[in-house]
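Take a look at the letters that make up each chain.
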Amino acid sequence: MTTATPDSGFLDGQFLIAMPTMGDKRFERTVIYLCAHSDQGAMGIVINKLAPEINFRDLLTQLDIGHEEDVVVGDPRQLDEIRVHRGGPVETGRGFVLHSCDFFLEEATLPISDEVCLTATLDVLRAIADGEGPAEALLALGYAGWAPGQLELEIQANGWLNGPADRAILFDADLETKYERALSKIGVAQDRLSSLSGHA
């Protein structure tokens, strides 16, 4: 059982947008970029929530990547502009970087679409810290995961809407409006969600 799409039937590379009927507070008003979806299950990264009480500089220190005074080549203020997102409730101590495809590490980077890749090794964090990382990146701790068939059931139960991903929404810093913009991308106004919630 899969949700139909024109090509594979799977939703990797798309946005999942939480419905008001979600029923799980952890995913209230979330937008998730779906990194993998197959018969084996699904995995995605929440793109519109910040991780509490941690910034990129702290994360580098915790992971012992360089020393605070020499971790960046160039303007150290760039470190403070990189925010750490709350990617989901699974493996919250592990970092994942969604990024533009101008950065690629053999045997470490997973291409998801023509515009977006995923890398989950320390090497990408080192590259970002050194000013040699991808042009666009979203750093998250943890991810959202689904067992085989679980995501399909949640969509059928009106827990999620899905639609095409938008690189501008994915990578920009305006977290407060990502939910509304993702809905708008699929032609849904937020005030219509409650009426949609009652229809499969």
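Since the structure is predicted, the reported quantities are computational estimates derived from the model, not experimental observations.

Caption draft 1: Just the packing of aromatic side chains, in detail. Following the criterion strictly, the structure yields four aromatic pairs and no others. Measuring from ring centre to ring centre gives 6.3 Å for F15 and Y33, while their planes differ by 80°; the resulting arrangement is edge-to-face. Placement of the pair is F15 in strand β1 (residues 14-18) and Y33 in strand β2 (residues 31-38), with a sequence separation of 18 residues. Taking the relative accessible area as the measure of exposure, F15 reaches 1% and is therefore buried. Given the relative accessible area of 1%, Y33 is considered buried.

Caption draft 2: Here's a closer look at the layout of surface pockets. By volume, the second largest pocket amounts to about 190 Å³. Around the second largest pocket sit 13 residues that line it, and M19, P20, M22, E28 and R29 are the ones nearest its centre. The residue makeup of the lining of the second largest pocket, split by class, is seven nonpolar, two polar and four charged.

Caption draft 3: Representation of the nonpolar core within the structure. Ranked by internal contacts, the top residues of the largest apolar core, which has 25 residues, are F15, Y33, C35, I45, I47, L98 and L170. Not counting the four nearest positions on each side in its chain, C35 is found in contact with D12, M43, G44, I45, L98, I112 and L118.

Here is what the cut-offs are and how they apply
- For every chain, the first residue of the written sequence is number 1, and numbering continues from 1 along that sequence.
- The model is predicted, so local features are restricted to residues of pLDDT at least 70 and side-chain atom pairs to those at 80 or more, both for listing and for counting; the totals for chains, interfaces and linings are taken over all residues.
- Processing note: side-chain calculations cover all non-hydrogen atoms of the structure and skip hydrogens and water entirely.
- Ring pairs shown here join Phe, Tyr and Trp side chains whose ring centres sit within 6.5 Å, with only the six-membered ring taken for Trp; geometry is labelled stacked below 30 degrees between planes, edge-to-face above 60, and tilted in between.
- Think of it this way: any DSSP run of H or I at least four residues long counts as a helix, any run of E at least two long counts as a strand, and we number them from the N terminus.
- Relative accessibility thresholds used throughout: buried, under 20% of the residue-type maximum; exposed, over 50%; partly exposed, between the two (1.4 Å probe, protein chains only).
- The definitions used throughout rest on a 1 Å grid laid over the protein atoms alone, on which a cavity is an enclosed set of points accommodating a 1.4 Å probe that cannot get out and a pocket is an open set flanked by protein within 12 Å on both sides along at least five of seven lines; lining residues are those having an atom within 4 Å of a point.
- Grid points are joined across faces, edges and corners, and a volume is the space filled by probe spheres set on the points.
- Amino acid classes used here: Ala, Val, Leu, Ile, Met, Phe, Trp, Tyr, Cys and Pro are nonpolar; Asp, Glu, Lys and Arg are charged; the rest, including Gly, are polar.
- The term nonpolar core refers to a set of buried residues drawn from Ala, Val, Leu, Ile, Met, Phe, Trp, Tyr and Cys, joined through side-chain atoms within 4.5 Å.
- Pairs of residues are marked as contacts when any of their non-hydrogen atoms sit within 4.5 Å.

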